[in-house]
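# Fold and contact review
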Amino acid sequence: MHLRDIAPSALLTTLLAAPQLASAFYLPGVAPTSYKSGDNVPLYVNTIKPIAAPQDSRLHSVMSYDYYHPDFNFCRPPDGPEYVSESLGSILFGDRILTSPFELKMGVNESCKALCKSSYPAESVSFVKDRILQGYSLNWLVDGLPAGQQIQDQLTGTVFYSSGFLLGQFDDNQDLVFNNHYDILVEYHEVNGDPNQLRVVGVVVQPSSIDYRGKPDCNTNNRHLVFGADEGKSQDVQFSYGVYWRKSDTAWATRWDKYLHVFDPKIHWFWLVDTAIIVVILVLTVMSILVRALKKDIARYNRLDQLDLDDLGGNGALEDGVQEDSGWKLVHGDVFRSPSNPLLLSVFVGNGAQIFVMTGCTILFALLGFLSPSNRGSLGTIMILLYTVLGFVGGYVSARTYKAWQGEQWKLNIVLTPIMVPGIVFSAFFLLDLFLWAKQSSGAVPFTTMLVIVGIWFIISIPLSFAGSWLGFRAPQFEAPVRTNQIPRQIPPVTTYLRPIPSMLIVGLLPFGAIFVELYFIMSSIWFSRIYYMFGFLFLCYGLMIVVCATVTILMVYFLLCSENYNWQWRSFLAAGMSGGYVFLNCLLYLVTKVKLGGLAGIVLYIGYSGLISFLFFILAGSIGYFASWWFVRKIYSSIKID
């Protein structure tokens, strides 16, 4: 594993990402490079990643490898490979871009050009053979475009370009062959018909396996290079390539269109319509409670305060009728009582507010075209930048929440808010990275990059969080609309569906349902190395998830208060946060149905990263449910008269 000293460049990239967004507004977001005929067009190589294996369309590994890993023994440049500068987000997402020995001259065709001859020891033969069986693919970049293969969508008939191409495959005789010849088809476009302004607009690689007996001649009658047929023996491989240039009418500004393919768009719309119907039903239900039931209850309670119950014979019949009809007023003296462990709750909701704003801004930026796939790692970089800057929001919200519940350990709140949740995430991420280091995977984040992240965390995020907490504690305290009794009211037994676990399972299911389909495509993008660019659908799903999460939690809290249970704070957070539990269960289902990992390390990595995503979603959804319930409770209790 190569550990690069990227600390200064990565930190600078992160801090200067904001002004670069202005130039990235128009897709694809980078300045075009024009070439003249005969100019050198660099071909860079990226990591070797697993994709769906051709034999069963399942993912067999989550490990990625450096292109120049010793066991792959690929041809190297004469002066050795050099790293290409990358952004912090690109490094975190596993990119390791290096120079290559391939020579591409603009407009100059090359046919069957010899590259080098490599000798594979028996151990390397076994290693490469296993990687071929697991469906690993090579990833090249030409002028920022991924070199892939041309594929036709079976459902829509649309032709698009995939990213990457197979390391090897089974031939017609079911022999395992190693692709050692690459035909590189490069599409270029003339700007305004000017032959001195040629721009790359598409790259397709057609790999093949040829068993050369002498000088490379690329004769189609040559046999395939069967790899690892003789167990325990070394094997020599001659590499070659060809370059073919093809003029295209595709403009440079639209060259990414053929890569950004939407798989099965109808299912997105069907699911959005179904989710929207559920949202309308939930919103109408909440409005019905607020407008009809609560308005009627509040009017009756206020009339009751004006009546002299002694004139009714002192039997309290009217009061009993009101109490039996709606029990939520009976707990007015306890509903704003401080919850158990308000410190932990305030830390969670503060970080949840920080994640909420970061997620919304990131999706909005991507929707507007700021985050182009040609700016590799821009998504990860902007997420880190936003989360760092929004530490102020997390500190402020946490402090105001803790102060509202009369917390006394304000110093501990200030310290834990920027450290606890990020510390859990970073520690888990570091432990998972140890597995990648042990396996010599290129996905392992270099130690210097870890130091950069810690530096950004302590130098920028934590001070901003402290500043937000300071302002939050200086702000006036939220006053409860009703007075809290000194003696807590006894909570009667509740029905089965209002008990903690059943209510969590019911409430958490609906927000998860709002994002279920989009979550499937996001996971396919993460694990199968596909380009995800359906941010319009994601923006709508995010909005629907927020509304569903808020409304269904409000309904649960209303029924909870009607059953005279005033412990709504943690219940609302945990019930809404259960959506994160469903996300984790969905990841496990995905592991069983779409992934087939053989080793323990791969399973640990998959479950670990899935657990991290689910934990962050738990914090996000729980905070949405908590603040929606907090608004609802203050709204209804500020509308009644209490003597």
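Residues numbered from 1 in each chain as written. Predicted model: local features only at pLDDT ≥ 70, side-chain atom pairs only at ≥ 80, totals over all residues. Heavy atoms only, no water.

Before going further, it helps to spend a moment on the overall build of the protein. Looking only at helices and strands, the protein features 16 helices and 15 strands. Restricting to contacts in the protein with at least 6 residues of sequence separation, those with at least 24 account for 81%. As displayed, the protein has an accessible area near 29100 Å², and 61% of this comes from carbon and sulfur atoms. (Helix = DSSP H or I, 4+ residues; strand = E, 2+ residues; numbered from the N terminus. Contact = heavy atoms within 4.5 Å. Areas by Shrake-Rupley, 256 points an atom, 1.4 Å probe, with all protein chains shown as cover.)

With that out of the way, let us pick up helix α7 (residues 342-368). With 27 residues, α7 should cover 39 Å at 1.5 Å per step; its first-to-last C-alpha distance of 39 Å lies within 8% of that length. Residue Gly-369 follows α7 closely and has a positive phi angle near 95°. (Expected span 1.5 Å × (residues − 1).)

On to the sheet that holds strand β6 (residues 140-142), then. Spatially, the four strands line up as an open sheet ordered β3-β1-β6-β7, and their pairing is antiparallel. Only two strands of the sheet have a single partner each, and these edge strands are β3 (98-99) and β7 (145-147). (Pairing = 2+ DSSP bridges.)

A few words now on the packing of helix α14 (residues 535-562) against helix α15 (residues 568-593). Contact geometry of α14 with α15 gives a least axis separation of 10 Å together with a crossing angle of 145°. In the crossing of α14 with α15, the sense of the turn from one axis to the other is right-handed. Counted together, Cys-549, Thr-553, Met-556, Val-557, Leu-560 and Leu-561 of α14 and Trp-568, Arg-571, Ser-572, Ala-575 and Ala-576 of α15 form the full contact between these two elements. (Axes fitted to C-alpha atoms, helices over the stretch in contact; angles between N-to-C directions. Left-handed = near helix turned anticlockwise from the far one by under 90°.)

Here the focus is the packing of aromatic side chains. Summed over the entire model, instances satisfying the criterion amount to 46 aromatic pairs. An angle of 75° between the planes, with centres 6.4 Å apart, marks the rings of Phe-528 and Tyr-590 as edge-to-face. Placement of Phe-528 in the loop between α13 (500-527) and α14 and of Tyr-590 in helix α15 is noted, with a sequence separation of 62 residues between them. An aromatic cluster of at least three residues, connected via ring pairs, comprises Tyr-65, Tyr-67, Tyr-68, Phe-72, Phe-74, Tyr-120, Phe-127, Tyr-136, Phe-178, Phe-227 and Phe-239. The residue whose ring lies beneath Arg-131 is Phe-127, and the NZ or CZ to ring-centre distance is 4.5 Å. Its end group placed over the ring of Phe-478, Arg-400 keeps NZ or CZ at 4.2 Å from the ring centre. (Phe/Tyr/Trp six-rings, centres within 6.5 Å; stacked < 30°, edge-to-face > 60°. Lys NZ or Arg CZ within 6 Å of the ring centre and 35° of its normal.)

Next up on the list: unusual backbone geometry. Positive phi, normally seen in glycine, also occurs at Ser-57, with a value near 60°. Within the fold, Ser-57 resides in the loop between β2 (49-50) and α3 (88-92). Although it is not a glycine, Gln-406 sits at a positive phi angle of roughly 55°. Along the chain, Gln-406 falls in the loop between α9 (391-404) and α10 (410-416).

As a packed pair, α13 and α15 sit with axes 6 Å apart at the nearest point and diverge in direction by 45°. Taken as axis vectors, α13 and α15 run oblique relative to one another. By crossing handedness, the relation of α13 to α15 is classed as right-handed. A per-class count over the contact of α13 with α15 returns 21 nonpolar, five polar and one charged. (Parallel < 35°, antiparallel > 145°, perpendicular 65-115°, else oblique. Nonpolar A, V, L, I, M, F, W, Y, C, P; charged D, E, K, R; others polar.)

This paragraph deals with the environment of Ser-248. Position of Ser-248 among the secondary structure elements: in the loop between β15 (235-247) and α5 (265-306). On a C-alpha basis, the gap between Ser-248 and Val-200 in space is 9.3 Å, while along the polypeptide they are 48 residues apart. Setting aside residues no more than four positions away along its own chain, Ser-248 makes contact with Glu-187, Tyr-188, His-189 and Val-201. For Ser-248, the side chain forms a polar contact with the main-chain nitrogen of Thr-250, separated by 3.0 Å. (Polar contact = N/O pair within 3.5 Å; in protein donor to acceptor, adjacent residues only side chain to side chain.)

Helix length check: helix α11 (residues 420-438), at 19 residues, gives a terminal C-alpha distance of 27 Å against a target of 27 Å (1.5 Å per residue), a fit within 8%. Buried within α11 we find Val-421, Pro-422, Gly-423, Phe-429, Leu-432, Asp-433 and Leu-436. Among the structural elements, α7, α8 (378-389), α12 (447-474) and α16 (600-637) are those in contact with the buried residues of α11. One or two steps after α11, the chain reaches Gln-440, where phi turns positive at roughly 55°. (Buried < 20%, exposed > 50% of the residue type's maximum accessible area, 1.4 Å probe, protein only.)

All right, on to the pattern of salt bridges then. Evaluated as defined, the whole model comprises eight salt bridges. The salt bridge partner of Asp-143 is Arg-255, with a shortest N-O separation of 3.0 Å. Placement of the pair is Asp-143 in the loop between β6 and β7 and Arg-255 in the loop between β15 and α5, with a sequence separation of 112 residues. One continuous salt-bridge network, built from bridges that share partners, spans Glu-187, Arg-246 and Lys-258. (Salt bridge = Lys/Arg side-chain N within 4 Å of Asp/Glu carboxyl O.)

Moving on, we get to a nonpolar patch on the surface. Residues Trp-269, Leu-364, Leu-367, Leu-368, Phe-539 and Leu-540 make up a contiguous nonpolar surface patch of roughly 540 Å² in combined accessible area. For the nonpolar patch, the elements supplying multiple residues, two or more each, are α7 and α14. If you tally residues by element for the nonpolar patch, the top one is α7, at three residues. With respect to the element layout, Phe-539 can be found in helix α14. Owing to a relative accessible area of 36%, Phe-539 belongs among the partly exposed residues under this scheme. (Patch = residues over 30% accessible without salt bridge, like charges linked within 9 Å, V, L, I, M, F, W, Y side chains within 5 Å.)

Turning our eyes to something else, we now look at the environment of Arg-255. For Arg-255, a relative accessible area of 2% puts it in the buried group. Residues Arg-255 and Gly-202, spaced 53 residues apart in sequence, show a C-alpha to C-alpha distance of 6.6 Å. In contact with Arg-255, other than residues within four places in its own chain, are Asp-143, Leu-145, Val-200, Val-201 and Thr-250.

Taken in spatial order, the four strands of this open sheet run β4-β15-β13-β14, and their pairing is mixed. Strands at the two margins of the open sheet, each flanked by one partner only, are β4 (110-120) and β14 (194-208). When the angles between neighbouring strand axes are averaged without regard to direction, this sheet yields 25°. In this structure, β4 lies alongside β15, joined through eight bridges in antiparallel fashion. Residue pairing across strands places Tyr-120 opposite Gln-235, the latter belonging to β15.

Remember, this is a structural readout, not a statement about activity or role.
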